[in-house]
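Single-letter residue listing:
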Amino acid sequence: MSGGFDPLVPREIDRPTPVPLDVDVTTGDAATRLDDAKIFIAPADPADLDAWRAQLTAWREGARARHGAPTRYDDPASAWASRCFTVAQVWQWDELFFDFEAQRFTPERFLADAQRRFGGLDGIVLWHAYPVIGIDDRNQWDFYAVPGLAEAAEVLHTAGVAVFVDYNPWDVGTRRAGDDATELAATVRRLGADGVFLDTLKKAAPDLVAALDAARPGIGLEGESKLATERIADHTLSWAQWFADSEVPGVLRARWFERRHMQHHIRRWHRDHAEELRSAWLNGVGVMVWEVVFGVWVGWNERDAATLRRMLPVQRGLHRWLVEGEWTPLAVHDAPVFGSAFALDGVTLLCLVNTSDADVVHELPGGGRYVPLHQPGDGVSSVTVPAGGVAAVVRVPADAAVPPIVDEVRAALLTEPPVADASFPHRQARRLPAPAWTGPVRDDAEEPRTVTVATGTHVLTVRFRARETGMYEGAPYVDEWKPLPPRLHDQRTLERVAEVPHPVRVAAAEVSEAEYARFLDALGEHTDARDPELPATGMTFARARAYAAWAGGRLPTEDEWQVAASDPAFRRRMPEVWNWTESEHSDGRTRFVMLKGGSAHRSDGSDWYFDGGVQAPEFAAKLLLPGLGQDASPSIGFRLCWGENA
C-alpha cells in the first residue's frame, strides 16, 4: 500500500456509475457521465426499478442519436463476435499449447483441456512477444514469424475457435520494418486471424481499423478495458477488465448500448471469479479465461470453472434470446437472488444469480410453465440457485411446446452440477535437470581460466524488477485490481540460500566465438563467427547446455554465477551479453530460465520491454522460454563451470 492506494480495493475509475432517476440523461453532463460508465449501478430498492430501467432506455436512445447506430453489426462478416463468449489468453509457448520435447505446437491438447474444464472455448488470443520482447532488436512481428503457427491457427479454426492476434502499440524501440498498420494487417492475413487484441489501447485509430478491415472483412477489434461509446460502432468486442460492480449486480454500459457487442470480464490477478461470472451471466456476455498471466500461474478454481460450464451451453444455444430478445434487467430483485429476463417469440429465458455463500431455493412467480435448465423437472415452481453461482429457467405459455433448442441445452447441462470447491489450485515451479548429452565430447582437456565457488552455505541478495512475470513462484499481484507504480516495475529484492556441497570452478569469462565454432565443427556445422575475444551468442538454451556437456562441464546455476562474480578475476567479454544459467524451471504450463549479467543492448521507449543494459551481479531476470529456436538471441551468451557435481 502506497500513498493511500490499496491494491486490493477497486480504484475510483474501476467503480460503477450511478444512474440519476430525476434528471434528463439524454444530453448534458448526465449523459456524458453515463457515456463514460463501465457498469451502471443497480438500485438497491426494488421500488426504483421502473424508473431506473426507463432512464437506461432514455440514455441509450440519446446516445444513439448523438453517436449514431452501430451499423457494423448488421454485416454478416462481423456476426461471429457476438457468439464469442469465452476467450482464453494464451502464451504462445504454454506447455499445453506447445510440446517442448517434440518442439511442435499442440493446439488440440489445449482445446481438449479447455473443453474438459471450462466447457470449451470460442476464441484464443495468441500472446506472442511480451514479456520477452526487448531482449534484442526483434520486433513484435518477428515473434509471430515462427514455423507451424499458421497451421496451429488452422487447427483452431477447424475446431470452431476464433483466433486473435496481439498488437503492442508501445513497441517503438526495436527494429523498424513497415508501419504498424501494414505489418499487423500482414500478420492477420498470414495467420488467418479473426480478431486483434489491442494491448494497452481502449480503441484503435480509424486508419488502423480501415487497414484491418481490408485484411479481414468483419475483423473483431478488442481493446483493453473500457471502450468509448462512440467507438462501439467499429469495435465489436471489448475487454471488461477490472470492472467493479454494485452490490446489486448492475448493467454493462457497452452491452446495453449494443446487444450484439461482446464483452469479456476479467480480473487477471484474482483467484475468485464468481462476481465476474455473475455479471457476465446477467448481461449475456462472456469472460476471459486467463490462467497463465505472462508466465505466472493464476489458475481458475473448480467452482468457477464449473460455473462457466453451466453458463456456456445456455449462452451458445440461446444466443438469439441474448441478442434479440427483450431484455429486462433485474427482472428478479430478491436478494441474494437476482435475475435478468430475455423474452423472444413468447419464450422467456430467466438467468439467475446467487450472491450469497449458501444455496438458495428461489420461488418462481406465477404465470406460464417453467422449465429449469440446470436441474430435472418441468412445470416447476422453484429453482435452486447454488452458492455464489448461476441457474436458469425457461418460461413458456402453459399450453405451448418447449422449443427443441431448449431441450438440447438441458441435455448438455444435466451433467454439469455446481461445485463448491473454491480453493486455489496451486502450482509450484520445479527445477528441470539438463538432458543427458549423447553427442561427441571434446577430445582434449583444455579448460579456461576459472574462479572457485567454495563449499558451504552462501546467503545471497538477489535484485530484480517486479514485472508481471514474477520470479520463482507465485503471482506477484495476488487478488489485486490493477498494479500501479510504484508497485509495477519497481525494484525488489529476495534472499536465496545456496548450498554448495563441493567446490565449483566457474569460467572467468564467457565462451568466445572461436571456442563455440570448434563445437559447431564437431557437429559438422559451420560458422564464420570465430573471434577469440567476442562472446559467442545466438545459441538456444539447449545448445548452450549441449556445448557445456561437450566440454565436460555444465552451465553454472544462477547462484553459482552470482557468487563467482564477486571474484576479481571474473570478467565480461565485450560487448556484454546476458548469460544463460542452469536454472530451467517449469510449473507444467510455463518454462523459464534465469539470466544473469545484463547486456549492452537496451530497447528504449517502453517499460514493457525486457530488462536491458549491463547489470550488477546480484541482478536476475526471469526469461520465459520460447520454443523452435526463438530463445536464441544476440544478447545472450554463456560461460561454463566444472566440479564434482558437474
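Conventions we followed
- Residues numbered from 1 in each chain as written.
- Predicted model: local features only at pLDDT ≥ 70, side-chain atom pairs only at ≥ 80, totals over all residues.
- Heavy atoms only, no water.
- Helix = DSSP H or I, 4+ residues; strand = E, 2+ residues; numbered from the N terminus.
- Contact = heavy atoms within 4.5 Å.
- UniProt positions renumbered as here; feature names shortened; annotations may be inferred.
- pLDDT = per-residue confidence, 0-100.
- Pairing = 2+ DSSP bridges.
- Axes fitted to C-alpha atoms, helices over the stretch in contact; angles between N-to-C directions.
- Buried < 20%, exposed > 50% of the residue type's maximum accessible area, 1.4 Å probe, protein only.
- Lys, Arg positive; Asp, Glu negative; His and termini not counted.
- Salt bridge = Lys/Arg side-chain N within 4 Å of Asp/Glu carboxyl O.
- Polar contact = N/O pair within 3.5 Å; in protein donor to acceptor, adjacent residues only side chain to side chain.

For the protein chain, an unreviewed UniProt entry supplies the name Sulfatase-modifying factor enzyme-like domain-containing protein and the organism Microbacterium wangchenii.

*Asks:* Explanation requested: the environment of R271 in the structure shown.
*Replies:* Structurally, R271 is set in the loop between β11 (262–266) and α8 (274–283). Linking R271 and F424, residues 153 residues apart in sequence, is a C-alpha distance of 6.4 Å. Other than its neighbours up to four places away in sequence, R271 contacts N301, D304, F424, H426, V478 and D479.

*Asks:* Explanation requested: the UniProt feature "domain: Sulfatase-modifying factor enzyme-like" (unreviewed entry) in the protein chain in the structure shown.
*Replies:* Per the UniProt record, the feature "domain: Sulfatase-modifying factor enzyme-like" (unreviewed entry) sits at residues 497–582. Taken end to end, residues 497–582 is 31% helix and 12% strand, and its first and last C-alpha atoms sit 16 Å apart.

*Asks:* Can you walk me through the confidence of the model for the protein chain in this structure?
*Replies:* In low-pLDDT segments, the atomic positions of the prediction should not be examined closely. Per-residue confidence for the protein chain gives a mean pLDDT of 96, with 99% of residues at or over 70. At the level of individual helices and strands, the protein chain shows its lowest average pLDDT in strand β34 (residues 641–643), which scores 93, and its highest in strand β27 (residues 578–579), which scores 99.

*Asks:* Even after reading the chapter, I still don't get the sheet that holds strand β6 (residues 162–167), so can you show me in this structure?
*Replies:* Adjacent strands of a sheet pair through backbone hydrogen bonds, lying either parallel or antiparallel. Read around the barrel, 8 strands follow the order β2-β5-β6-β7-β8-β9-β11-β12 and close on themselves; strand pairing throughout is parallel. For this sheet, the mean inter-axis angle between neighbouring strands, taken without regard to orientation, is 25 degrees. Here strand β8 (residues 220–223) runs beside strand β9 (residues 237–241); their pairing, made up of 2 bridges, is parallel. Its bridge partner lying in β9, E222 is registered against L237. Contacts from helix α5 (residues 180–191) reach β6 and β7 (195–198) within the one sheet, and its direction differs from that of β6 by about 155 degrees. Packing against the sheet, α8 makes contact with β11 and β12 (286–289), and its axis sits at approximately 165 degrees to β11.

*Asks:* For this particular structure, what's the right way to read the side chain of R253?
*Replies:* You can see R253 is positioned in helix α7 (residues 253–257). Within the buried set, R253 has no salt-bridge partner at all; the shortest N-O distance to an opposite charge, 5.9 Å, is to D36. Here D35 takes part through its backbone oxygen, which lies 3.4 Å from a polar atom of the side chain of R253.

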